[in-house]
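A closer look at the structure
Take a look at the letters that make up each chain.
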Amino acid sequence: MNPNTPLYLAIDQGGHASRASLVTADGAVIGSARVPVQTRHKAAEQVEHDPEDMVASVRAAINEAVACTGPAPIMAAGLATQRSSVVCWELDSGAALSPVLSWQDRRTAGWLEQLAEHAAEIRQRTGLPLSPHYGASKLRWCLDHLPAVKEAWKDGRLAWGPLASFLTYRLTEEKTLAADPANASRTLLWSLDDGDWDPRLAELFGVPTGALPPCADTRQAWGHIAVEQRRIPLAVVTGDQSAALFAAGQRESRVMINLGTGAFLQQGLPHRPPPSRLLAGLAFQAATRRVYALEGTVNGAGSALSWVAGELDLEQGELFRRLPGWLNSCKRPPLFLNGIAGLGTPYMRPIFASRFIGEGSSVEKCVAVCESIVFLLQINLEEMAAGGCPAREIIISGGLSELDGLCQRLADLSGLPVYRPQNHEATVQGLIHLLAHGARPMTDADMGTGFLPRNHHDLHSRYRAWHGVLDAALLK
């Protein structure tokens, strides 16, 4: 690499690790680092991270990645985080006053029942259903249950909101206090039409807006990150899945599917998505441009495979090594109703008991879990089509996209071509696209491995049976 080649720093804070990558404008990864983060399951439906551990992991990943670049100039940095995760902190010191409550956390499901009569209004204002996955009820829980948060609010020392805002505050020299639209929109406190905090929503949830960060554009001057002798401008802040939407550029009727802890389907639109049982949000905002997203979610993807490994007493690494062969050889797995972390769209059931339907060996059960991910993706694709936004092709990314058998099943069931780019870290590639102002959109040559639909009668038959069993279970 030419030592004068400009680089961009992509920071991806996820549920299992914080990653930092140095990437050229055309997407070539020059160096990267990964630092694990711990997840705490303190009680049923409670999922947390230690905020100080998270800050330390991000800093360590940045330092390690930058250390291997030499003198090459780093033009700008972008930060992408888990959306819907929230944290509370003290304004002057930046010290955390609460855990990071993960997007997977559903401790407030019971509390939210009192707002059921307002669900339609909340969806109209936010584009989202009433759900404990989103931030508003988590912030209310912190105010009700954490004395340090309540005292800070009374004293005017409280800041709270999206995880991205906390990390930006802690990472930048300027202690920038702001919220980008992709993360702000996942709080249920942000108006999709107005692009700002909504006083009516704050009233409904009993969440004071005075401690929320001011709303900002996705791409702007967010401050500087100091690394050794460098001051790197932070130019983009967004959500991980919102960044992933831009990894392959945008094309009409193209659906991006990112398979990680959860699975997320997105279609970019120039206007607010039409009403449906899916999610509407704002993926990107700058001075002269807005990109909306129509999105579906599958809560149990990688997390479902981790769950089944624990249930069957299998070592996770071994499970993932053996899965490719099992997907090829297993012809008639049982069915699996996948409620890991609750049912996502279009059902939005925060509590749903996972179960196998039919008998099977450990191998067959693991394959059944994989197929349940494909089945839930297919339901969301059908919802997109029913709402007037049909897909014509799928770009797939994330760790589970390495499973050829899963990709082929998705192509067979959907009847759509599925493409897996050679570099399938979509969040990183999307950040670079936004940082470099779309320097080099993806071409057909970049589409990587293609999976074309085939006739798979048994898979379609299992899908119909699974769909029927799921519908019956939802009525109980």
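Residues numbered from 1 in each chain as written. Predicted model: local features only at pLDDT ≥ 70, side-chain atom pairs only at ≥ 80, totals over all residues. Heavy atoms only, no water.

**What to know about the pattern of salt bridges**
For side chains bearing opposite charge, pairing can occur when the charged atoms are close. Applying the stated criterion across every chain yields a total of 28 salt bridges. Of the charged contacts in the structure, one is a salt bridge between arginine 125 and glutamate 121, with a shortest N-O distance of 3.1 Å. Separated by four residues within a single helix, arginine 125 and glutamate 121 lie in helix α3 (residues 119–126), roughly one turn from each other. A relative accessible area of 26% means that arginine 125 is categorised as partly exposed. Given a relative accessible area of 24%, glutamate 121 falls into the partly exposed group. (Salt bridge = Lys/Arg side-chain N within 4 Å of Asp/Glu carboxyl O. Helix = DSSP H or I, 4+ residues; strand = E, 2+ residues; numbered from the N terminus. Buried < 20%, exposed > 50% of the residue type's maximum accessible area, 1.4 Å probe, protein only.)

**Topic: the sheet that holds strand β20 (residues 418–420)**
The strand order across the open sheet formed by seven strands is β15-β16-β14-β13-β19-β20-β21, and the pairing between neighbours is mixed. If you trace the sheet from one side to the other, it starts and ends with β15 (279–286) and β21 (449–451), each paired once. This sheet shows a mean twist of 25 degrees between the axes of neighbouring strands, independent of strand direction. Across five bridges, strand β13 (residues 254–259) lies against strand β19 (residues 393–397) in parallel orientation. In the sheet register, asparagine 258 faces β19, and the bridge partner there is serine 397. (Pairing = 2+ DSSP bridges. Axes fitted to C-alpha atoms, helices over the stretch in contact; angles between N-to-C directions.)

**Focus: helix α6 (residues 163–171)**
The element α6 is extensively covered by neighbouring structure, given that nine of its nine residues are classed as buried. Those residues of α6 lying buried are Leu163, Ala164, Ser165, Phe166, Leu167, Thr168, Tyr169, Arg170 and Leu171.

**Details of the packing of aromatic side chains**
What the rule picks out here adds up to 10 aromatic pairs. For the pair tryptophan 103 and phenylalanine 264, a centre-to-centre distance of 6.0 Å together with 70 degrees between the ring planes defines the contact as edge-to-face. Within this pair, whereas tryptophan 103 is found in the loop between β7 (100–101) and α2 (109–112), its partner phenylalanine 264 is found in strand β14 (residues 263–269), the two being separated by 161 residues in sequence. With respect to class, tryptophan 103 is no different from phenylalanine 264; both count as buried. Across the ring face of tryptophan 141, the terminal group of arginine 107 is positioned such that the distance to the ring centre comes to 4.4 Å. The ring of phenylalanine 356 has lysine 365 sitting right over it, with the charged end atom 5.2 Å from the ring centre. (Phe/Tyr/Trp six-rings, centres within 6.5 Å; stacked < 30°, edge-to-face > 60°. Lys NZ or Arg CZ within 6 Å of the ring centre and 35° of its normal.)

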